[in-house]
Amino acid sequence: MDLWLRIYAIAMLVLGIYAFLTTVLNIRYFRSFDKTHKPEGNPLISVVVPARNEENNIERLIKSLQKQSYRNIEILVINDQSTDRTQEILDTLSKEDERIRVYSVNPDEKLNENGKINALLQLIPHAKGEFILATDADTMHSDNCIEHAYAVMENHKLDIISGYPTELCSSFFGNICMSAMMLTCILIPQFIIHRFPIPAASFAIGQFIMMRKSAYEETGGYSAIEGAICDDVGIVRLFVKHKKKYAFLNLSKYSACFMYRNMKESFIGIERSVAGIIPMNAFSVIPLLIAIILLLHIALSPIAAAAFLIYTGFALDALLLAAGAAIFVLAWFIGCKAENWRKRISISCSLTMLMTAAMLIHAFYKEVTGKGFEWKGRKVI
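Residues numbered from 1 in each chain as written. Predicted model: local features only at pLDDT ≥ 70, side-chain atom pairs only at ≥ 80, totals over all residues. Heavy atoms only, no water.

1. Observations regarding the pattern of salt bridges
At step 1: Within this structure, the stated rule accounts for 13 salt bridges.
At step 2: The shortest N-O distance in the salt bridge between Lys253 and Asp34 comes to 3.6 Å. Of this pair, Lys253 sits in the loop between strand E9 (246-250) and strand E10 (255-257) while Asp34 sits in the loop between helix H1 (2-32) and strand E1 (45-51), and the two are 219 residues apart along the sequence.
At step 3: Asp34 gets classed as partly exposed once you look at its relative accessible area, which sits at 31%. (Salt bridge = Lys/Arg side-chain N within 4 Å of Asp/Glu carboxyl O. Helix = DSSP H or I, 4+ residues; strand = E, 2+ residues; numbered from the N terminus. Buried < 20%, exposed > 50% of the residue type's maximum accessible area, 1.4 Å probe, protein only.)

2. Remarks on the sheet that holds strand E7 (residues 166-167)
At step 1: Taken in spatial order, the three strands of this open sheet run E5-E10-E7, and their pairing is mixed. The open sheet is flanked by strand E5 (139-141) and E7, the only strands paired with a single partner.
At step 2: Bridge analysis of E7 against E10 gives two bridges, and the strand direction is parallel. Residue pairing for E10: Thr166 is matched across the bridge by Ala256. (Pairing = 2+ DSSP bridges.)

3. Details of the packing of aromatic side chains
At step 1: Per the counting criterion, the structure on display carries eight aromatic pairs.
At step 2: Here a set of aromatic residues connected by ring pairs shows up, and it is made of Tyr29, Phe30, Phe33, Tyr164 and Phe248.
At step 3: A cation sits over an aromatic face here: Arg60 above Phe258, 3.9 Å from the ring centre.
At step 4: Taking NZ or CZ as reference, Arg237 lies 5.7 Å from the ring centre of Phe203, over its face. (Phe/Tyr/Trp six-rings, centres within 6.5 Å; stacked < 30°, edge-to-face > 60°. Lys NZ or Arg CZ within 6 Å of the ring centre and 35° of its normal.)

4. As for the nonpolar core
At step 1: Counting 117 residues, the largest nonpolar core has Ile58, Met210, Tyr222, Ile235 and Phe328 as its most contacted members.
At step 2: Looking at this core, the element that brings in the most residues is helix H12 (residues 285-312), giving nine residues.
At step 3: For Ile235, the residues in contact, after removing those within four places along its chain, are Ile160, Ile209, Met211, Tyr216, Gly221, Tyr222 and Ile225.
At step 4: Counting six residues, the second-largest nonpolar core is a separate cluster that includes Ile229, Cys230, Val233 and Phe373. (Core = buried A, V, L, I, M, F, W, Y, C linked by side-chain atoms within 4.5 Å. Contact = heavy atoms within 4.5 Å.)

Laid out in C-alpha cells, this is it:
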C-alpha cells in the first residue's frame, strides 16, 4: 500500500509540474503571435463557409465578416441541402454585398463521404483568393480578425493556422464537454510542436482554419483526406506531413463560436473530434486505456489526496499527492483563463476529465460497433 501510494503520489506530482510548465510556456508562445506588424500587399482572401440548417447563425456570421477591417475579401457560402430558411437569408444578404457569393451542394456530385468535406470540396474551386479562410456558419469574428490572421501568416511565413476561439454554450455540461479541447493546451507542448511539427501532435479547430491556397493545392487539400472523421485535424496533419509551416494559436480574442446548444449536442460533437484525433482501432486499445486511466486518476486525485491526508495524518506521500493534484488544477485554471473560458469551467477540472474519459469510451464503442459518427444529422463515415 505504502509503495503504491508513493508511486501514485510521485507520478501525480510529476504530471502536475509538467502540466503547469506546459501551460505557462504555451501561453507565452500564444502571446508571441499577438506582436505583429502590418505586412506589405493586400491579397484577396477567400472566406469559405459550408452551411446546413443555419438560419439562426448565418446572418450573424456574415455581418461580422462584412465589418472586417481587412476589406479585400470574398465571402463564399455553400448551402448544404438546408431545410430551413438558410437559403432565403443568404439570397437577401448576397444582394446587399457583391463580395458575397452563394452556391448549393450538388447532391449527385459526392466528392467525399464526409458531408462537410464534400461541401468544402465543391466550394473551394470557386475561391479566387491567395489565402483561404475556412470557417463555420455558427461562428462570429472581431472586426480585426482576418487582418490579424493574415499578419500572423505573413510575419511568420506560415502555410496554415488554426486555434482556440471563444466557445459559447448556454449549458454548463455542454461547456464541460467542449472544454476537453483545453487538454491540447495543458498537455501538448505547442511551443515545441511549432518548431518540430509532427502530424500526430498537430491540431486544428474547424471553426477557423486559414491556409495559403498554393499550399492547399500542393498538398491535395481536402480531397487528400478521404475517410477522415474530422476535416480540421485531417487537413492540418496533411499539411504537416507535406512539410508545410503550421501554427496553433489562441484566437479567443478574435473569434467566437456558438457550436452546441446543450450537453447532448456537445457530447456527440466533441466525441467525434476525439475520434478524429485518436484512431479508434485495435492498435489503439492500449494507448486508449492508458489515456482513460490517466484522465480518471487526474479527475479523482483531489478526492484521493484529501482522503489520504486524513487517513495518513498528513504523511509525506499524501502531501506529494495533494501537491500534484493542486498544481494540475492550477494549470487548468490558468489555461482556461487564458483561453477565455467561463469561470465555472476554469474551476471544473475534474468534471472535464471525467467527461473526456466518457467520450473516449463512447467514441471507441461507436467505432468498433460500426455505429459511426454524425455531423449535422448525417453520418460522417
